[in-house]
Amino acid sequence: MPVDECESLLPEKAAPVVYLVIPCYNEEEVLPETARQLTEQLSLLVKDGAASPLSRMLFVDDGSRDRTWEIISSLSGENEFVCGLKLAHNRGHQNALLAGLMEARKHAGCAISLDADLQDDISVLPQFLQKFREGCDVVYGVRSSRKTDSFFKRATAQGFYRFMRALGVDVVYNHADYRLMSRRALDALSEYKEVNLFLRGIVPLIGYRSDYVTYERHERFAGESKYPLKKMLSFALDGITSFSVKPLKIISNLGILLSVLSVAGLLYALISYFCGDTVVGWTAIVCSIWLLGGIQLLCIGVVGGYVGKIYSEVKARPRFRIEERRGNMETEKPASCGKDTLDQEKEKM
């Protein structure tokens, strides 16, 4: 059999194994309802032939201190769709999400990441899979509006995206971590080894064909947000310093500007001295010292942030460690057209 006829052996339009990857941290209040709604949605996808019966929802417990893992374990025994991973320590949302994606990579044709609070609209999951069937390796969930956000959150979020673009970072506007990734895209993601994770910046670097699905973000139906202002600021700084060295260039340009101004000030002082127009005063001197001192400390802090990231990367410690697994995570065995199959065909000819 010719090699170019091998594709005829493959099942046509086979439904993909879909894994829904849900990072969880202290989510005991929302998990039962989340599992119920996702089960209904997965069942519809399987019934409509859009997803394989081997599809699963994979909850990743990021070192929760409440009953999150207990609930996941219980659900996995009652619901065939539910699987769970328990991380040995709290490693943060991005590491928990990566752990789930790398586990899904072993079993699924594609994985869709979403939050446990169901603020991401799960009714658009069929649209994600439709884009996947059309050949997209990455499908981004993009918010159509931010009317449910407070004025402060809306202004800071939009400012963050614009600032990242200004720094040259390729991020998708109004996209968080609600996205579909094919197995090929997950394989590519596994090659990025940095410890300081910012998946919203890494995924666009993969470069495969992508598209987006718009949706309305809902209000959280229970519990409290796990991203207070402090964590949001830390996450934003990680994104900026992980993907752009422009802050360092800004510091260099600022240093040049201050040097020029200092020379100009020195010339002015000398001219005033020789003209006999000097006025003894300490206010201007003290203000200038405080100004320059503050700028220097700020610059040192920015440089220190980059040095700290280098320190973390050089140590190359594991980004996460899986302590337990729950549920039945089966691997679909697709028809193969590899070397063994072709050798068998040649023997028959």
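As a reminder, the structure under discussion sits directly above these lines.
Given the structure is predicted, the values throughout are model-derived calculations rather than measurements.

Cut-offs used in this document
Residues numbered from 1 in each chain as written. Predicted model: local features only at pLDDT ≥ 70, side-chain atom pairs only at ≥ 80, totals over all residues. Heavy atoms only, no water. Axes fitted to C-alpha atoms, helices over the stretch in contact; angles between N-to-C directions. Helix = DSSP H or I, 4+ residues; strand = E, 2+ residues; numbered from the N terminus. Left-handed = near helix turned anticlockwise from the far one by under 90°. Contact = heavy atoms within 4.5 Å. Nonpolar A, V, L, I, M, F, W, Y, C, P; charged D, E, K, R; others polar. Pairing = 2+ DSSP bridges. Buried < 20%, exposed > 50% of the residue type's maximum accessible area, 1.4 Å probe, protein only.

Colleague: Would you take a moment to explain the packing of helix H1 (residues 31-47) against helix H2 (residues 68-78) for this structure?
Modeller: Helix packing for two helices is described by the angle between their axes and how far apart those axes are. Direction vectors running N to C along H1 and H2 enclose 35°, while the axes themselves pass 10 Å from each other. Relative to H2, H1 is oriented so that their crossing is right-handed. Of H2, the residues touching H1 (which contributes Leu 31, Pro 32 and Ala 35) are Thr 68, Ile 71, Ile 72 and Leu 75. Of the residues that constitute the contact of H1 with H2, the class distribution is six nonpolar, one polar and no charged.

Colleague: What is the right way to read the sheet that holds strand S7 (residues 210-215) from this model?
Modeller: The strands making up a sheet associate through backbone hydrogen bonding, with each pair oriented either parallel or antiparallel. Spatially, the eight strands line up as an open sheet ordered S7-S5-S6-S4-S1-S2-S3-S8, and their pairing is mixed. Among the strands making up the open sheet, the edge pair consists of S7 and strand S8 (322-326). This sheet shows a mean twist of 20° between the axes of neighbouring strands, independent of strand direction. Contacts between H2 and the sheet are confined to strand S1 (18-24), strand S2 (56-61), strand S3 (82-87) and S8, with S3 contributing the most and set at about 150° to the helix. Across the face of the sheet, helix H4 (residues 125-133) comes into contact with S1, strand S4 (110-113), strand S5 (138-143), strand S6 (175-182) and S7 while running at roughly 45° to S6.

Colleague: Can you walk me through unusual backbone geometry in this structure?
Modeller: Of all residues except glycine, most have a negative phi; of all peptide bonds, most are trans. Positive phi outside glycine occurs at Asn 26, with the angle close to 55°. Residue class for Asn 26 comes out buried when judged on its relative accessible area of 18%. Although it is not a glycine, Leu 118 sits at a positive phi angle of roughly 60°. Looking at the element boundaries, Leu 118 is found in the loop between S4 and H4. Residue Leu 118 is classed as buried on the basis of its relative accessible area of 6%.

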